[in-house]
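Take a look at the letters that make up each chain.
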Amino acid sequence: MRFFVLLSFAAVIIACKQQKSPTPEQVAADRARGIELPKTIGVYQWTKDYVEDVPDDDYIHASVAAHEAFRDIKYSVRIHWGVYSKWGIEASWPFINRFGPLAMDAAKKQEYMDLYKTFNPTQFNADEWIDWFKSCGMQAFAFTTKHHDGFSMYHTATRVHQRLNYLQGDSAGLEPVIEDCDVAYSIAETPFKRDIVGELCDAAHRKNFKIDLYYSHPDWYDADFRPYISHPAGYIPRTPEATDRFVKRHREQLTELLTKYGKIDMVCLDMSLGADVWPEIKKTVKIMRSLQPDVMIRVRGIGNYGDYFQPEQEIPADALKTNMPWMSICLLGKIFAFDPVAENYKGAKWVIHSLIECVAKGGSFMVCIGPDEFGKFHPEAVRQLNEVGEWLKINGKGIYETRGRDVWHSGDFYFTRSKNSKRVYAFTENAETLRATSVVERETSLHIPAITPRKGGKVYMFGNKKPLKWQQAGDGVDVEIPANVTENLPCKYAWGFEIEV
């Protein structure tokens, strides 16, 4: 343990020494990229009063290549997993009396804090997870290294020195008392012991799969992190000593995640801390950038020092006019964590529609699921996401590594384009239009609006190898689809076309 503590300290010291201020030319080039969080986005409001809109002159974002690589990721998965999975409840939030019937009294909260002592996910297999994600057509995973409840799903060398004791507070658990302790509060102290984050990262590196490590700024187990984001000890003033400890632990944990597990593609920060500690948090972000200059950092809690933002439980109503990349995250079930109710899972059709819409609007889509306490995903979630994978095997060319288009939607169609703009991809979810076969010709003339194929260009339907006959018609193109295709459509839910323009 002492070795890892020293290693963490050394990494911070080295990173601080290696930080070099960018040249004025580099700063000017970075600012010209216009990487700014839209002011209409809710997370901008969280920190706008103390996080400056223009980053310091000794800070630049991840490179253009890193931002482009992020934009190439169109479909990914977020996994919420922690001790809360033992009870089949939402991730962390029930712990602070947020969800009515799931609210906990003092005894239940103390029991929750001790769940790690029996957490033993013996069926977890990192290779099986990554293989399954890839078979579903996903390109990246985001994993909760530490959620708001403070439990670390990796081997952290940091220690918690003060925590809450609910049994010595009021019976409702609203005013716990602080007690001294010396624990990591991590997977290393469970019967399972293995480093889950480490195993997932190793498997992802072997299988060429992108890595996104989620990390919560607030920590409801560590009393030093009070009062941020509904901290249970928020009513107790924080001492200067506690401030120093929490800033140091926060920094060391993020340093661990960027030094122990090889190349990390994204860090998904969540929530925020406060104006009083922003100068120190900013130093931490600069250390993160020095450790892995091209890591893409989510904006939460750090404003325009971040590289990307993530609308949660929503898809923007229109294509966003922003140079900052974005990725929508939505639940497959009804909660972020493991949902035991099969009927709650929304279905492959919903995932495919959400994916098409996000990509057409210039973003990407992340679906959220959680495994049970043993490390297995719900069979219904598996079935639905497998179905999405089959759809992507046919239609993926119109999704992966594409970009948005000025006209992203018209009539029944959503549009994407190739990065070189030589091809436009059009998706429709209206099967009846495709099946409206001509009685005489036994062919469908399908009108795809808002597009002009190049002279002599080819038009294909995904899943059909032969080019289709077409002719320019008004604002778009009429495409003839043979009856044998419309009577045996190559996939379900949505159908794509590739048009050379």
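Residues numbered from 1 in each chain as written. Predicted model: local features only at pLDDT ≥ 70, side-chain atom pairs only at ≥ 80, totals over all residues. Heavy atoms only, no water.

## Notes on the overall build of the protein chain
To keep things clear, this is the line we draw: A helix here means a DSSP run of H or I that spans at least four residues, while a strand means a run of E at least two residues long, and both kinds are numbered starting from the N terminus. Using C-alpha atoms as the atom set, the radius of gyration is obtained and then compared with a globule rule of 2.2 Å times the number of residues to the power 0.38. For the exposure calls, accessible area comes from a 1.4 Å probe over protein chains only, and a residue counts as buried if that area is under 20% of its type's maximum, exposed if over 50%, partly exposed in between. The criterion used for residue contact is that any of the two residues' heavy atoms lie within 4.5 Å. Under the convention used here, a 1.4 Å probe and the Shrake-Rupley method define accessible areas, while residue burial counts only the protein chains that appear. Counted as positive: Lys and Arg. Counted as negative: Asp and Glu, with His and the chain ends omitted from the count. Positions of charges follow a simple convention, taking NZ of Lys, CZ of Arg, CG of Asp or CD of Glu.
The helix and strand inventory of the protein chain stands at 13 helices and 18 strands. A compact globule built from 501 residues should have a C-alpha radius of gyration of about 23 Å, and the protein chain, at 25 Å, falls within 12% of that. Based on the C-alpha atoms only, the size of the protein chain along its principal axes is roughly 85 × 55 × 40 Å. Each of the 501 residues in the protein chain was classed as buried or not, and the buried ones make up 58%. A separation threshold of at least 6 residues defines the contact pool for the protein chain, and within that pool the share at least 24 residues apart is 75%. Looking at the protein chain as shown, the accessible area adds up to about 20,400 Å², and 53% of this sits on carbon and sulfur atoms. Computed over 62 positive and 66 negative side-chain charges, the inter-centroid distance for the protein chain is 5 Å.

## Looking at the pairing of strand β17 (residues 476-482)
To keep things clear, this is the line we draw: DSSP bridges decide pairing: two strands pair if at least two such bridges lie between them.
Counted residue by residue, β17 has five buried out of seven residues, so it is predominantly covered. With five bridges connecting them, strand β16 (residues 469-473) and β17 associate as antiparallel partners. Each bridged residue has a counterpart across the sheet, and for W470 the counterpart in β17 is V479. Between β16 and the antiparallel strand that follows it, β17, lie two residues; G474 among them carries a positive phi value of about 60°.

## Overview of the sheet that holds strand β7 (residues 296-297)
In spatial order, the strands read β7-β6-β5-β2-β1-β9-β8; together these seven strands make up an open sheet with parallel pairing. At either end of the open sheet lies a strand with only one pairing partner, and these are β7 and β8 (328-331). Note that strand β6 (residues 266-270) and β7 share two bridges and pair parallel. Bridge pairing in β7 links V267 to I297.

## Structural notes on the packing of helix α8 (residues 240-259) against helix α9 (residues 278-291)
So the rule is basically this: A fitted line through C-alpha atoms represents every axis, and for helices the fit uses only the stretch in contact; the resulting angles, taken between N-to-C directions, go from 0 to 180 degrees. Roughly parallel covers angles under 35 degrees, roughly antiparallel covers those over 145, roughly perpendicular covers 65 to 115, and oblique covers all other angles. When the near helix sits turned anticlockwise from the far one by under a right angle, the crossing is termed left-handed; a clockwise turn instead gives a right-handed crossing. Under this grouping Gly is polar, as are all residues other than the nonpolar Ala, Val, Leu, Ile, Met, Phe, Trp, Tyr, Cys and Pro and the charged Asp, Glu, Lys and Arg.
With their axes 10 Å apart at the nearest point, α8 and α9 run at an angle of 15° to one another. It follows that α8 is roughly parallel to α9 by the angle criterion. Of the two possible hands of crossing, α8 and α9 adopt the one that is right-handed. From α8, V247, H250, R251, L254, T255, L258 and T259 reach across to α9, where they touch E280, I281, K283, T284, I287, M288 and L291. Each residue belonging to the contact of α8 with α9 can be placed in one class, and the counts come to seven nonpolar, four polar and three charged.

## What about the nonpolar core?
Spelled out, the test is: Residues grouped as a nonpolar core are buried Ala, Val, Leu, Ile, Met, Phe, Trp, Tyr and Cys residues, joined through side-chain atoms within 4.5 Å.
Formed by 138 residues in total, the largest nonpolar core has its most connected members in Y75, F133, F141, F143, L385, I448 and F497. If you tally residues by element for this core, the top one is helix α10 (residues 348-360), at eight residues. Every residue in contact with I448, bar those within four places of it in the chain, is listed here: F413, F415, A426, G476, V477, V479, F497 and I499. A140, M296, M366 and C368 belong to the second largest nonpolar core, which has 17 residues in total.

## Structural notes on helix α11 (residues 379-395)
Definition in use: For a helix, the expected span equals 1.5 Å multiplied by the residue count minus one.
Between its terminal C-alpha atoms α11 stretches 24 Å, which fits the 24 Å expected from 17 residues at 1.5 Å a residue. Among all positions in α11, only E380, A381, Q384, L385, E387, V388, G389, W391, L392 and N395 are buried. Buried positions along α11 lie against β1 (75-79), α6 (126-135), α10, β9 (365-369), β13 (423-428) and β18 (495-500).

## A closer look at the packing of aromatic side chains
Here is the rule: Aromatic rings from Phe, Tyr and Trp, taking only the six-membered ring of Trp, are treated as a pair when their centres fall within 6.5 Å; an angle between ring planes under 30 degrees marks them as stacked, one over 60 as edge-to-face, and anything in between as tilted. Two conditions define a charge sitting above a ring: the NZ of Lys or the CZ of Arg must be within 6 Å of the ring centre, and it must be within 35 degrees of the ring normal.
Evaluation of the coordinates by the stated rule reveals 36 aromatic pairs. Taking the centre distance of 6.3 Å and the plane angle of 90° together, the rings of F119 and F151 count as edge-to-face. One end of the pair, F119, is in the loop between α5 (106-113) and α6; the other, F151, is in the loop between β2 (140-146) and β3 (160-165), and 32 residues separate them in sequence. For the residue pair F119 and F151, the accessibility class agrees, reading buried in each case. Judged by centre distance (6.4 Å) and plane angle (55°), the ring pair of W129 and F143 falls under tilted. In this pair, W129 sits in helix α6 while F143 sits in strand β2, placing the two residues 14 residues apart along the sequence. With respect to class, W129 is no different from F143; both count as buried. Positioned over the ring face of F225 is K146, at 5.0 Å from the centre of the ring. The ring of F415 carries R405 above its face, with NZ or CZ at 4.8 Å from the centroid.

## With respect to the pairing of β1
β1 sits mainly inside the fold: five of its five residues count as buried. The alternating pattern of β1 places Y75, V77 and I79 and S76 and R78 on opposite faces, both of which are buried. Note: β1 against β9, five bridges, orientation parallel. Bridging from a neighbouring strand, V77 pairs with V367 of β9.

## Observations regarding the pattern of salt bridges
Side chains that differ in sign of charge can pair as their charged atoms come close. So the rule is basically this: Should a side-chain nitrogen of Lys or Arg be within 4 Å of a carboxyl oxygen of Asp or Glu, the pair is scored as a salt bridge.
Counted under the stated rule, the structure contains 45 salt bridges. A salt bridge links D307 to R289, with the nearest nitrogen and oxygen atoms 2.6 Å apart. With D307 in the loop between β7 and β8 and R289 in helix α9, the pair connects residues that are 18 residues apart, well separated along the chain. Here D307 matches R289 in class, with each residue buried. E380 is the salt-bridge partner of R383, the closest N and O atoms lying 2.7 Å from each other.

## Examining the confidence of the model for the protein chain
Let me state the cut-off plainly: For every residue, the predictor assigns a confidence score, pLDDT, that lies between 0 and 100.
Mean pLDDT for the protein chain: 93, with 93% of residues reaching 70 or above. Below pLDDT 50 for its whole length, residues 1-5 participates in five contacts with residues either more than four positions away or in separate chains.

## Digging into the environment of K193
Mapping K193 onto the fold places it in the loop between β4 (177-183) and α7 (196-206). Take K193: its relative accessible area is 49%, and that puts it in the partly exposed class. Taking C-alpha positions, K193 is 9.8 Å from M153, a pair spaced 40 residues apart along the chain. Sequence-distant contacts of K193, that is, excluding residues within four places in its chain, are made with H155, I187 and A188.

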